Amino acid sequence: MKIILVSNDTFLCQELITETSNESYQLEVHENGLLGLETIIKVIPNLVIIDNDCDGINPLILLKLISRDSRFESTKFYFIKNKKIDNELNFKKSHNLSMIWNKPFLMIDLVKTI
């Protein structure tokens, strides 16, 4: 399974790397959303995890760019947020999100859903 995480949260990135190290996941981590976008387009991963904290591009724009692209029909999208989102259900639908994670959370819980 190919997973791409876009986040500038060093702790979050390291935690996901640690929690997936014993699994057969191909994980790539990008702090910069534009570099992440480039990789996402090349790789067409099974799962894209986008943190509200990423550099280079607004994470919501990044979500819109990839979630509406037909090449990613079978890709799951997770969004990690640290701020309240108005009408979360509508947000989830409009961005084609499988799950929204609210910081703080246990990374092991996220990994169990993969």
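Conventions we followed
- Residues numbered from 1 in each chain as written.
- Predicted model: local features only at pLDDT ≥ 70, side-chain atom pairs only at ≥ 80, totals over all residues.
- Heavy atoms only, no water.
- Helix = DSSP H or I, 4+ residues; strand = E, 2+ residues; numbered from the N terminus.
- Buried < 20%, exposed > 50% of the residue type's maximum accessible area, 1.4 Å probe, protein only.
- Polar contact = N/O pair within 3.5 Å; in protein donor to acceptor, adjacent residues only side chain to side chain.
- Contact = heavy atoms within 4.5 Å.
- Arc of directions from axis to C-beta.
- Pairing = 2+ DSSP bridges.
- Right-handed = clockwise from strand over helix to strand, strands pointing away.

Caption draft 1: Just the side chain of Ser67, in detail. Counting through the fold element by element, Ser67 comes out in helix α3 (residues 59-67). You can call Ser67 buried: its relative accessible area is 9%. Separated by 2.7 Å, the side chain of Ser67 and the backbone oxygen of Leu63 make a polar contact. From its side chain, Ser67 meets the backbone oxygen of His95 in a polar contact 3.4 Å long. Residues contacting Ser67, with those up to four places away along its chain left out, are Phe77, His95 and Asn96.

Caption draft 2: The arrangement of helix α1 (residues 10-20) in detail. Buried residues of α1: Leu12, Cys13, Leu16 and Thr20, and no others. Seen along its axis, α1 keeps its buried residues to an arc of 100 degrees; they face one direction. When the buried face of α1 is taken as reference, the exposed residues oriented beyond 90 degrees from it are Thr10 and Phe11. Looking at the buried residues of α1, the elements they touch are β1 (2-6), β2 (26-30), β3 (47-51), β4 (76-81) and α5 (107-112). Here α1 starts with a cap whose side-chain oxygen sits 3.1 Å from the backbone nitrogen of Phe11, and that cap is Asp9.

Caption draft 3: Fine view of the pairing of β4. Along β4, five of the six residues are buried, which leaves the element largely enclosed by surrounding structure. As defined by bridge partners, β3 adjoins β4 across five bridges and the pair is classed as parallel. Bridge pairing in β4 links Val48 to Phe77. Taking the sense of rotation as the criterion, the β-α-β connection linking β3, α3 and β4 turns out right-handed. Sheet analysis places β4 next to strand β5 (residues 99-102), joined by four bridges and oriented parallel. Note that in β5 the partner of Phe79 across the bridge is Ile100. With helix α4 (residues 88-94) bridging β4 and the parallel β5, this β-α-β connection has right-handed handedness.

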